[in-house]
Amino acid sequence: MSDAMDLRDLYQDIILDHGRKPRNFREQEHASHTAQGHNPLCGDRVTVYLTVEDDRITDVSFVGKGCAISTASSSLMTEVLKDKSLAEAKQLFQSFHANVTGGEPPSVDEALEDDLDRLTPLTGVKGFPARVKCATLAWHAVEAALKSGGKPAEPVKTE
Amino acid sequence: MSKDTDPRVTGLAEGPLSRPDFDPRQIRQDFPIFRNNPEVVFLDTAASAQKPQEVIDAVSNFYARDYANVHRGVYALSQRSTDHYEAARLAAQRFLNARQSREIVFVRGATEGINLVAQAWGPWALKSGDEILITELEHHSNIVPWQMLRDRLGIVLKVAPMDATGGLDLAAFEALLSAKTRLVAITHVANATGAVMPVEAVIRTAHAKGALVLIDGCQAAPRMPVDVQALDCDFYVFSGHKTYGPSGIGVLYGKAEHLEAMPPWQGGGDMILQVTFDHTTYQETPHKFEAGTPDMTGAHGLAVALGYMERLGRDNILAHEERLTEYGTRRLAELPGVKLMGAGNRRLAVLSFEVEGVHAHDLATILDRHNVAVRAGHHCAQPLMDRLGVVATARASFGVYNDEADIDALVVAVKAAQELFAQ
């Protein structure tokens, strides 16, 4: 059935796995940067924590309640952002964002291509416009945390 | 031509005879959306109802044949448009069994009706320290306008809790009613869970304490006969788009004594008698609350929609919705891992549920791929969701065109979601 195929494009095994057992799912007491993301459409909330030392992300984690897509995306994000420089993190976000929204992804450093491949399963959301925000929520929160240089006053909203 | 002799006006009031049997499969033929989307299983009528062809035609024909501004022109077209608009008021009066047509104010929807009462009645009737009592089961539109009023006037907003079964805790409600309570604002049927509220008891006890009562009838008006005289409520609001009519039109019913005493709300054309730069005198109710060119097309479409519901039979619609509610409740209860949100001792037309291990948003996506349209999220009732301890639920809700097969399709799709997430 083609509908079921579509669904498996979205809910690939790695998504279901990370949705059920998110990695780096913890708070950080001494994070240098933190921000909340909120998707008012579905009520999903995520808080991201980053420890940045000398422009390098030495630890990244998240907590929150969300759908499988947002939980899996947050989880995979923490895996790829670990030990990245802030410039690399920015490149990854821009490429990932373009990949899930159907835009033209900017080229990334060769060293980051494996990381982008890790995120490929999430690009299934392209066929589900209502779900793109689920996949980008945690990334927007990270961007806001880094931009604010610490902790933004307001949660990042997807709408 | 006067209203009394205009056949179009009386034609609206009477219409063809009721159908002998209430057959949702037959009724579905009246709704072109299903002809154009034959695969869709539409279970989101609580958010907005689909429109029968006669409502679509009424809107289109009004523009094509009878359109001009109301209450202004002396020419025949303007009179015809005005006649339609005022006939729609009579249709709404009949629909709610209001005593007089001037108790019917046309608004954009229930939300605007509540805001009108909050903004026109509120500052006029309330002083600092007065209390307004709402319940935990309200839609945001019956919470936020009162919060805004609270912050503006320094009044107190109290919230009556629900009980463990998901119904209103009537004892707690009565305990919260005080000599300072000026208004109780309560939903007739909770949009997020389908709980039918004990509005008769609420109105009786509130009146005994001297408080007025506003009923949010958004989910009740499309599904059960409503008699504002029997209820004895002071205000009643509903939205046209949920009663199979156009979006952008709705009704505020208010007892004449209140509407007369209240100051106008918005200022502008149509609500005035005489304007000078020094002073303005206002129209009588309901016109003093209808500033500017109204949505006369929408009002006419709404009247046709209300007539459509009356021809189906309001009692028949209620019996149909109750039958589906019972069937749906039973079918979902049979599914392991499905948790239905409680709705007290009476549920109507709304099944709000969680599926263990599947977030409501994922569930809605999977259901959509099975062509089952449900709402997923907080249903504009975040405080209630917090109280239920859930972030989001999936909500299936019924209309006159649904039948048991739609619920069967929902069950199949829920099972498919469970299978996918069990992998």
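**Here we look at the overall build of chain A**
1) Next: Scanning chain A from N- to C-terminus turns up six helices and four strands.
2) Next: Secondary structure elements of chain A occur, N-terminal to C-terminal, as α-α-β-β-β-α-α-α-α-β.
3) Next: In summary, chain A has a C-alpha radius of gyration of 15 Å against a globular reference of 15 Å for 159 residues, a match within 12%.
4) Next: By principal-axis analysis of the C-alpha atoms, chain A measures approximately 50 × 35 × 25 Å.
5) Next: Here chain A, with 159 residues, has 47% of them falling under the buried criterion.

**A few points about the overall build of chain B**
1) Next: Summing up its helical and strand segments, chain B has 16 helices and 15 strands in all.
2) Next: Along the three orthogonal principal directions, the C-alpha set of chain B runs to about 75 × 55 × 35 Å.
3) Next: Out of the 423 residues belonging to chain B, those deemed buried represent 51%.
4) Next: In chain B, once contacts between residues fewer than 6 apart in sequence are set aside, the share between residues at least 24 apart is 71%.

**Brief notes about the sheet that holds strand β11 (residues 338–340) of chain B**
Residue and element names in this part refer to chain B.
1) Next: Taken in spatial order, the four strands line up as β11-β12-β15-β14 in an open sheet, and their pairing is antiparallel. The two strands at the open ends of the sheet, each matched to only one other strand, are β11 and β14 (375–377). The sheet shows a mean angle of 30° between the axes of neighbouring strands, taken without regard to direction.
2) Next: Relative to strand β15 (residues 393–397), β14 runs antiparallel, the two sharing three bridges. Following the sheet pairing, R375 is matched in β15 by R395.

**Considering the pairing of strand β1 (residues 33–39) of chain A**
All names here are of chain A.
1) Next: The buried count for β1 comes to six of seven residues, which makes it a mostly enclosed element.
2) Next: When β1 meets strand β2 (residues 44–53), the two strands line up antiparallel, connected through seven bridges. Counted as the bridge partner of A35 is V48 from β2.
3) Next: Direction of pairing for β1 relative to strand β4 (residues 156–157): parallel, over a ladder of two bridges. The residue bridging G37 from the neighbouring strand is V156, located in β4.

**Here we look at the interface of chain A and chain B**
1) Next: Between chain A and chain B, the contact holds 18 residues from the first and 16 residues from the second.
2) Next: The set of elements that each furnish at least two residues to the side of chain A that touches chain B consists of α1 (2–10) and α3 (68–81) of chain A.
3) Next: Looking at which element gives the most residues to the side of chain A that touches chain B, the answer is α1 of chain A, with four residues.
4) Next: Each residue belonging to the side of chain A that touches chain B can be placed in one class, and the counts come to 11 nonpolar, two polar and five charged.

**Considering the sheet that holds β1 of chain A**
Residues and elements named next belong to chain A.
1) Next: Here we have four strands laid out as an open sheet, ordered β3-β2-β1-β4, and mixed in their pairing. The sheet terminates laterally at β3 (56–65) and β4, the two strands that pair on one side only.
2) Next: Against the sheet, α3 touches β2 and β3, its axis set at about 170° to β3.

**Section: the environment of K242 of chain B**
Residues and elements named next belong to chain B.
1) Next: Mapping K242 onto the fold places it in the loop between β7 (235–239) and β8 (250–254).
2) Next: Residue class for K242 comes out buried when judged on the 26 C-beta atoms lying within 10 Å of it.
3) Next: Distance in space between the C-alpha atoms of K242 and E174 is 31 Å, their sequence separation being 68 residues.

**Digging into helix α12 (residues 296–312) of chain B**
Residues and elements named next belong to chain B.
1) Next: Helix length check: α12 (17 residues) gives 24 Å between terminal C-alpha atoms against 24 Å at 1.5 Å per residue, within 8%.
2) Next: Burial analysis of α12 places 14 of its 17 residues in the buried class, which makes it a mostly covered element.
3) Next: Positive phi appears at G313, one or two residues downstream of α12, with a value of about 100°.

**A closer look at the packing of helix α4 (residues 86–101) of chain A against helix α6 (residues 132–148) of chain A**
All names here are of chain A.
1) Next: Two numbers describe how α4 lies on α6: the axes approach to 11 Å, and their chain directions differ by 155°. In terms of orientation, α4 and α6 fall into the roughly antiparallel class. Here α4 runs over α6; the crossing is left-handed. Facing L86, F93, F96, H97, V100 and T101 of α4, the residues of α6 in contact are V132, A135, T136, W139, E143 and L146.

**Here we look at the pairing of strand β5 (residues 181–187) of chain B**
In the case of a regular strand, side chains alternate between the two sheet surfaces.
Residues and elements named next belong to chain B.
1) Next: Among the seven residues in β5, five count as buried, and that is most of the element.
2) Next: Bridge count for strand β3 (residues 131–135) against β5 is three bridges, and the pairing is parallel. If you follow L133 over to β5, its bridge partner there is V184.
3) Next: One ladder, built from five bridges, connects β5 with strand β6 (residues 212–216); its direction is parallel. Within β6, the position partnered with L183 by the bridge is L212.

**Quick word on unusual backbone geometry**
Residue and element names in this part refer to chain B.
1) Next: The peptide bond linking T285 to P286 adopts the cis configuration, its omega dihedral lying at 5°.
2) Next: The residue P286 is located in the loop between β10 (280–282) and α12 in this model.
3) Next: A positive phi angle, close to 60°, is found at H71, a residue other than glycine.
4) Next: Examined against the element boundaries, H71 turns out to sit in the loop between α4 (53–66) and α5 (76–96).
5) Next: Given 18 C-beta atoms within 10 Å, H71 falls into the partly exposed group.

**Some words on α5 of chain B**
Residue and element names in this part refer to chain B.
1) Next: Taking 1.5 Å per residue, 21 residues should reach 30 Å; α5 reaches 30 Å between its end C-alpha atoms and fits that length.
2) Next: By the burial criterion, the buried members of α5 are R80, S81, D83, H84, Y85, A87, A88, R89, A91, A92, F95 and L96.
3) Next: Directly after α5, the chain includes N97, whose backbone phi takes a positive value near 55°.

**What about the confidence of the model for chain B?**
Residues and elements named next belong to chain B.
1) Next: Confidence in the prediction for chain B averages 93 pLDDT; 95% of positions are at 70 or higher.
2) Next: Ignoring residues within four places in sequence, the model shows residues 1–16, a span with pLDDT below 50, making 17 contacts including any to other chains.
3) Next: Both confidence scores are given for the complex: pTM 0.90, ipTM 0.87.

**Some remarks on the packing of α12 of chain B against helix α13 (residues 314–333) of chain B**
Residue and element names in this part refer to chain B.
1) Next: Two numbers describe how α12 lies on α13: the axes approach to 5 Å, and their chain directions differ by 75°. Accordingly, the angle class assigned to the pair α12 and α13 is roughly perpendicular. Contact residues: M309, E310 and L312 in α12; R314, N316 and I317 in α13.
2) Next: Of the residues belonging to the contact of α12 with α13, the class tally is three nonpolar, one polar and two charged.

So, how was this worked out
Residues numbered from 1 in each chain as written. Chains lettered and ligands numbered in written order. Predicted model: local features only at pLDDT ≥ 70, side-chain atom pairs only at ≥ 80, totals over all residues. Helix = DSSP H or I, 4+ residues; strand = E, 2+ residues; numbered from the N terminus. Rg over C-alpha atoms; globule rule 2.2 N^0.38 Å. Buried ≥ 20, exposed ≤ 12 C-beta atoms within 10 Å, placed from the backbone. Contact = placed C-beta atoms within 7 Å. Pairing = 2+ DSSP bridges. Axes fitted to C-alpha atoms, helices over the stretch in contact; angles between N-to-C directions. Nonpolar A, V, L, I, M, F, W, Y, C, P; charged D, E, K, R; others polar. Expected span 1.5 Å × (residues − 1). Parallel < 35°, antiparallel > 145°, perpendicular 65-115°, else oblique. Left-handed = near helix turned anticlockwise from the far one by under 90°. pLDDT = per-residue confidence, 0-100.

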